[in-house]
Amino acid sequence: MWKQKVFPVLCRLEDFKPQNTFPIYMVLHHEASIINLLETVFFHKEVCESAEDTVLDLVDYCHRKLTLLVARSGRGGPPEEEESQYSTPIQELQKQAELMEFEIALKALSVLRYITDCVDSLSLSTLNRMLTTHNLPCLLVELLEHSPWRRQEGGKLQQFEGGRWQTVAPSEQQKLSKLDGQVWIALYNLLLNPEARARYCLTSFAKGQLLKLRAFLTDILLDQLPNLADLQGFLAHLALTETQLPKKDLVLEQIPEIWERLERDNRGKWQAIAKHQLRHIFSPSEQDLRLQARRWAETYRLDVLEAVTPERPRCAFCSAEASKRCSRCQNEWYCCRECQVKHWEKHGKACVPAAQGDRAK
């Protein structure tokens, strides 16, 4: 909310000529730190379940970010970090904020996908907000259509990964990217879960949007995400199904409390807040700036962060450090797909019953 309501006002103030923009950059960076943390913790399903009604605020947040991401796709990707065409510190700060906003939106996509993994445990208000208020399935289709994390540059395909644009080798261009995978899994969860499907109104607009997915469901994609064969079957059935009229049932909708409270308490005060923060926060003396820098350095010391980092999981097949998890049962970790395939003969005996048991719960 500060970025939407206060930061633009701050940049327009005549007396906003900071000697050092680092304090403001740290405020902007704080959102990136939080979304990275959320992406990490929401990987674990119990976190989504324990979040209860605050998930509504997070769903709204992710929706805002993804809507901006789709809108951006018509204007190209974020600015290159190495380009220095901006002369003033404020313009440079705005460029950094734009790049950061793009990366934050990509993280929000991952968070939303993890929330859709928990469709069965979400409240009816959250489910209704995702499917009816925001119509997330149609928004995800638009993301797949535009793929703002991919672009053509100098005749070469580039993909945004690790905070920068990277050229994709011709041999890798058919490989499913992590971001595309997140969109497909989120769509699978929202469209094929019985509870979600029963509550999603398939209007003529929604049907038209969803049927666009058939063009993307190639054999190469199905080889990489075999579960999408079920989605392909759903779309084939949808093509023959009559559309529904928008539902006019009376629904008591829960409102995201955090956003609403902040907006209500500060409505009409954004100009005053910007001026107050300019005087008391963003115009520090050199001594205050040094103290702040020392505190930030202490906060982000790697040895401190590493001390609280839990031991990384190990691959169930080769015992190397692992970053991927069995998507079906969520119990085993692997360092690569090859190890997962080799371990399947042993793991499959426990995986299928575990996954069926989770669904039964």
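Residues numbered from 1 in each chain as written. Predicted model: local features only at pLDDT ≥ 70, side-chain atom pairs only at ≥ 80, totals over all residues. Heavy atoms only, no water.

Student: Got a minute to help me understand the sheet that holds strand E2 (residues 156-161) in this structure?
Tutor: Judged by pairing direction, the sheet is antiparallel, and its 3 strands sit side by side in the order E1-E2-E3 without closing on themselves. One side of each edge strand has no neighbouring strand; the edge strands of this open sheet are strand E1 (150-153) and strand E3 (164-167). Taken over all neighbouring pairs, the strand axes of this sheet differ in orientation by 40° on average, direction set aside. (Pairing = 2+ DSSP bridges. Helix = DSSP H or I, 4+ residues; strand = E, 2+ residues; numbered from the N terminus. Axes fitted to C-alpha atoms, helices over the stretch in contact; angles between N-to-C directions.)

Student: Is there a simple way to explain the packing of aromatic side chains in this structure?
Tutor: To describe a pair of aromatic rings, you give the distance between the ring centres and the angle between the ring planes. Within the structure shown, the criterion is met by 8 aromatic pairs. A ring pair is formed by Phe-22 and Tyr-25, whose centres lie 6.2 Å apart and whose planes are at 20°; its orientation type is stacked. With Phe-22 and Tyr-25 both in helix H3 (residues 22-41) and 3 residues apart, this pair spans about one turn of that helix. Given a relative accessible area of 37%, Phe-22 falls into the partly exposed group. For Tyr-25, a relative accessible area of 24% corresponds to the partly exposed category. Through a chain of ring-to-ring contacts, the aromatic side chains of Trp-2, Phe-7 and Phe-282 assemble into a single cluster. Sitting above the plane of the Trp-259 ring, Arg-64 keeps its charged end 3.8 Å from the centroid. (Phe/Tyr/Trp six-rings, centres within 6.5 Å; stacked < 30°, edge-to-face > 60°. Buried < 20%, exposed > 50% of the residue type's maximum accessible area, 1.4 Å probe, protein only. Lys NZ or Arg CZ within 6 Å of the ring centre and 35° of its normal.)

Student: Just checking my understanding: could you explain the UniProt feature "domain: MYND-type" (unreviewed entry) in the protein chain for this structure?
Tutor: Annotation from UniProt places "domain: MYND-type" (unreviewed entry) at residues 315-351. Annotation note: span residues 315-351, helix share 41%, strand share 11%, distance between end C-alpha atoms 15 Å. (UniProt positions renumbered as here; feature names shortened; annotations may be inferred.)

Student: Even after reading the chapter, I still don't get helix H14 (residues 257-266), so can you show me in this structure?
Tutor: Because an α-helix packs 3.6 residues into every turn, residues spaced three or four apart end up facing the same way. Along H14, the positions that sit buried rather than exposed are Trp-259, Glu-263 and Asn-266. One face of H14 carries all of its buried residues, which in axial projection span an arc of 85°. Looking at the packing, one finds that the buried side of H14 touches helix H1 (2-5), helix H5 (55-72) and helix H15 (270-280). Trailing H14 by a residue or two, Gly-268 shows a phi angle of about 80°, which is positive. (Arc of directions from axis to C-beta. Contact = heavy atoms within 4.5 Å.)

Student: In this structure, what is going on with the pairing of E2? I would like to understand it.
Tutor: On a regular strand, each side chain points to the face opposite its neighbour's, so the side chains alternate between the two faces of the sheet. Of the pairings in the sheet, the one linking E1 to E2 comprises 4 bridges and is antiparallel in character. Paired with Glu-153 across the two strands is Lys-156, which belongs to E2. Hairpin remark: E1 followed by E2, antiparallel, with 2 residues in the connecting loop; positive phi at Gly-154, about 60°. Looking at chain direction, E2 and E3 are connected through 4 bridges and run antiparallel. Across the sheet, residue Glu-161 finds its bridge partner in E3, namely Arg-164. Linking E2 back to E3 in an antiparallel pair, the connection comprises 2 residues, with Gly-162 at a positive phi of about 60°.

Student: How do you make sense of the side chain of Glu-39 when you look at a structure like this?
Tutor: Its place among the elements puts Glu-39 in helix H3. Its relative accessible area of 10% is what places Glu-39 among the buried residues. Side chain to side chain, Glu-39 and Lys-107 meet in a polar contact 3.0 Å long. Ignoring sequence-local partners within four residues, the contact set of Glu-39 consists of Lys-107, Ser-110, Val-111, Tyr-114 and Lys-178. (Polar contact = N/O pair within 3.5 Å; in protein donor to acceptor, adjacent residues only side chain to side chain.)

Student: Even after reading the chapter, I still don't get unusual backbone geometry, so can you show me in this structure?
Tutor: Comment: phi is negative for the bulk of residues other than glycine, and the bulk of peptide bonds are trans. A positive phi angle, near 45°, is found at Asn-135, a position not held by glycine. Within the element layout of this structure, Asn-135 appears in the loop between helix H7 (124-133) and helix H8 (136-146). In this structure Asn-135 comes out as buried when scored by relative accessible area, which is 19%. Backbone geometry places Ser-147, a non-glycine residue, at a positive phi of 35°.

Student: Before we go on, may I ask you to explain the packing of helix H9 (residues 178-192) against helix H13 (residues 228-239) in this structure?
Tutor: For any two helices packed against each other, one specifies the crossing angle of their axes together with the interaxial distance. Two elements in contact, H9 and H13, have axes separated by 10 Å at closest approach and are oriented at 55°. Our classification of the angle between H9 and H13 gives oblique. Crossing hand, H9 versus H13: left-handed. For the pair H9 and H13, the contacting residues are Trp-184, Tyr-188, Leu-191 and Leu-192 in the first and Leu-228, Asp-230, Leu-231 and Phe-234 in the second. Of the residues assigned to the contact of H9 with H13, the class counts are 7 nonpolar, no polar and 1 charged. (Parallel < 35°, antiparallel > 145°, perpendicular 65-115°, else oblique. Left-handed = near helix turned anticlockwise from the far one by under 90°. Nonpolar A, V, L, I, M, F, W, Y, C, P; charged D, E, K, R; others polar.)

Student: Sorry, what's going on with the nonpolar core here?
Tutor: In globular proteins that are soluble, nonpolar side chains generally tend to be buried together. The biggest cluster of nonpolar side chains holds 84 residues, and the ones touching the most others in it are Leu-10, Ile-115, Leu-140, Trp-149, Trp-184, Leu-187 and Leu-210. In terms of residue count, helix H6 (residues 89-116) provides more of this core than any other element does, 15 residues in total. With near-sequence residues (within four places) excluded, Leu-210 lies in contact with Pro-137, Val-141, Leu-191, Tyr-200, Leu-202, Leu-235 and Leu-238. In this structure, Ala-322, Cys-326, Cys-329 and Cys-339 belong to the second largest nonpolar core, which totals 7 residues. (Core = buried A, V, L, I, M, F, W, Y, C linked by side-chain atoms within 4.5 Å.)

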